Amino acid sequence: MLDNHDVARPQFGLSNASLVYESVIEMPITRLLAVFYMDNDLEKIGPVRSARPFYIDWASDFGGPYLHVGGSPDALNILSKSFLPDLNEMASGQYFWRDLNRNMPHNVFTAT
């Protein structure tokens, strides 16, 4: 899940995604679900943001890990019952880091 808020730009790694979904989460803010093949060696992807139910549905088509930072209560409930590998920064922090040169919550990043 990638942040698409004005203050989150520029995003990193997005141009290397094989597929990107964009949808409104809270008018007029959108988030991006970026699908990456693991043969890409990307050192910085993000900023990573929270999960939403419809993005989980789309991500489940690919079977890969779903990386996010928290999520809506509905999204977290769906992930707890899903077979989708769930890498939430809240429980899997070793896969994420914060860029201290950016303001929270637009400062969480990951890599392939």
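Everything numeric in this text was worked out from a predicted model, so none of it was measured.

Undergrad: What exactly am I supposed to notice about the pattern of salt bridges here?
TA: It is possible for side chains of opposite charge to pair when their charged atoms get near one another. By the definition in use, this model includes five salt bridges. For R49, the salt bridge identified is with D3, shortest N-O distance 3.5 Å. Taken as a pair, R49 in the loop between β3 (29-35) and α1 (53-60) and D3 in strand β1 (residues 2-3) lie far apart in primary sequence, 46 residues in all. Between K44 and D99 there is a salt bridge, with the nearest N and O atoms lying 3.1 Å from each other. Note that K44 is positioned in the loop between β3 and α1 and D99 in the loop between β6 (97-98) and β7 (108-109), a separation of 55 residues in sequence. By relative accessible area, K44 is classed as partly exposed at 24%.

Undergrad: What exactly am I supposed to notice about the side chain of S23 here?
TA: By the element assignment, S23 lies in strand β2 (residues 19-26). For S23, a relative accessible area of 18% gives the class buried.

Undergrad: Just to check I follow, could you spell out the pairing of β3 for this structure?
TA: Remark: a regular strand shows side chains that alternate across the two faces of the sheet. Most of β3 sits inside the fold, with six of its seven residues counted as buried. Inspection of the sheet shows β1 paired to β3 by two bridges, in the antiparallel sense. Of the residues in β3, the one forming a bridge with D3 is R31. Where β2 folds back onto β3 in an antiparallel hairpin, the turn is made up of two residues.

Undergrad: Please explain the confidence of the model for the protein chain as it appears in this structure.
TA: Detail in the predicted coordinates should be disregarded across regions flagged by low pLDDT. Model confidence for the protein chain is summarised by a mean pLDDT of 93, while 100% of its residues fall at 70 or above. Ranking the elements of the protein chain by mean pLDDT puts β2 last, at 92, and β7 first, at 98.

Undergrad: I would appreciate a short explanation of α1 in the present structure.
TA: Each α-helix turn comprises 3.6 residues. Residues three or four places apart therefore point the same way. Those residues of α1 lying buried are Y55, I56 and A59. One side of α1 holds all its buried residues, which, seen down the axis, span an arc of 105 degrees. Tucked inside the fold, the buried residues of α1 contact β2, β3, β4 (66-68) and α2 (73-81).

Conventions used here
- Residues numbered from 1 in each chain as written.
- Predicted model: local features only at pLDDT ≥ 70, side-chain atom pairs only at ≥ 80, totals over all residues.
- Heavy atoms only, no water.
- Salt bridge = Lys/Arg side-chain N within 4 Å of Asp/Glu carboxyl O.
- Helix = DSSP H or I, 4+ residues; strand = E, 2+ residues; numbered from the N terminus.
- Buried < 20%, exposed > 50% of the residue type's maximum accessible area, 1.4 Å probe, protein only.
- Pairing = 2+ DSSP bridges.
- pLDDT = per-residue confidence, 0-100.
- Arc of directions from axis to C-beta.
- Contact = heavy atoms within 4.5 Å.

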